[in-house]
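Chain by chain, the residues:
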Amino acid sequence: MARIIVVTSGKGGVGKTTTSAAIAMGLAKRGHKTAVIDFDVGLRNLDLIMGCERRVVYDLVNVINDEATLKQALIKDKRCDQLYILPASQTRDKDALTTEGVGKILEELSKDFKYIVCDSPAGIERGATLAMYFADDAFVVTNPEVSSVRDSDRMLGILASKSRRAEKGEEPIKEYLLLTRYSPDRVKLGEMLSVDDVQEILSLHLLGVIPESKSVLNASNSGTPVILDEQSDAGLAYQDIVARYLGEERPHRFIEEEKKGLFAKLFGSK
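The rules behind each value
- Residues numbered from 1 in each chain as written.
- Predicted model: local features only at pLDDT ≥ 70, side-chain atom pairs only at ≥ 80, totals over all residues.
- Heavy atoms only, no water.
- Helix = DSSP H or I, 4+ residues; strand = E, 2+ residues; numbered from the N terminus.
- Buried < 20%, exposed > 50% of the residue type's maximum accessible area, 1.4 Å probe, protein only.
- Contact = heavy atoms within 4.5 Å.
- Areas by Shrake-Rupley, 256 points an atom, 1.4 Å probe, with all protein chains shown as cover.
- Lys, Arg positive; Asp, Glu negative; His and termini not counted.
- Charge placed at Lys NZ, Arg CZ, Asp CG, Glu CD.
- Core = buried A, V, L, I, M, F, W, Y, C linked by side-chain atoms within 4.5 Å.
- Phe/Tyr/Trp six-rings, centres within 6.5 Å; stacked < 30°, edge-to-face > 60°.
- Lys NZ or Arg CZ within 6 Å of the ring centre and 35° of its normal.

A. Inspection of the overall build of the chain at higher detail. Broken down by element type, the chain carries 13 helices and eight strands. Judged by the C-alpha coordinates and their principal axes, the chain covers about 65 × 40 × 35 Å. Buried positions account for 54% of the 270 residues belonging to the chain. Sequence separation of at least 24 residues holds for 74% of the intrachain contacts in the chain that already meet a minimum separation of 6. Counting every atom, the chain has about 13200 Å² of accessible surface; 47% of that belongs to carbon and sulfur. Of the side chains in the chain, 37 bear a positive and 41 a negative charge, and the two mean positions are spaced by 3 Å.

B. Broad picture of the nonpolar core. One finds L97, L109 and I116 to be the most contacted residues of the largest nonpolar core, which totals 51 residues. Top element by residues in this core is helix 7 (residues 146-161). It accounts for five residues. If we skip the residues at most four places from it in the chain, L109 touches A35, I37, L70, L74 and I116. By size, the runner-up hydrophobic cluster in this structure holds 38 residues, among which are L46, A234, A237 and I241.

C. Local environment of unusual backbone geometry. Look at R181: it is not a glycine, yet its phi comes out positive at around 55 degrees. Note on placement: R181 falls in strand 7 (residues 174-182).

D. Expanded view of the packing of aromatic side chains. Applying the stated criterion to the full structure yields six aromatic pairs. Taken together, a centroid distance of 4.8 Å and an interplanar angle of 90 degrees make the contact between Y133 and F134 edge-to-face. Both residues of the pair, Y133 and F134, count as buried. Among the aromatic residues, ring-to-ring pairing joins Y115, F139, Y176 and Y245 into one connected group. In this structure, K33 is placed above the aromatic ring of F113, and the distance from its NZ or CZ to the ring centre is 4.9 Å.

Given below as structure tokens:
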């Protein structure tokens, strides 16, 4: 049976789709057959970040409505033969998603895939609640700012009470914290919350910290999951996250201020 991962947050713009693409690619690169699904009906973005927007013929809603088979809608990634993308519809309403329809797709995918990554829209609308409903694991993505953390705290309540696991009285969804756009320098200046501050509020297992990095935007614009950029801190951070999720011990990086050498101190270079 596949392990279903939902990538969620209460607030938009925190890096869910970037994270979904990176995690899915990371798992697939480790040899695990992985599918990543865009649940943001009407605002499709995952296909852009995965660089397959021109290859979209059928989408999630087409499969739910029996207008296409799952095999027709799945797009095989050109860089990794273990990774497949199921895009969202840009033209349908979010109400097109049904519990029965999504459940049927996930059940069918579970026969062939080891991991299914669900890229959830922000908030608590239908796409988000359905992405969370079937999850085994939740990656809660938040920025180190009060409003983002507070909204994530609200999502934890929904994960605990409105999931299929909660309804059946099964073991709860495993929840992990991913802290994005983190800058130790700005933490020191009091401009953002520290890792400890966020953990104190949310009480979640920290899976990883993604540093503020231009490479994330560059990767998104080029249609390449940032985890493939091994020269960037963000790419390395996502590799660490995948490794930790799979049970490997990895020390946390990018949490402390980078120590500057004498030359940097004298001339102010970064």
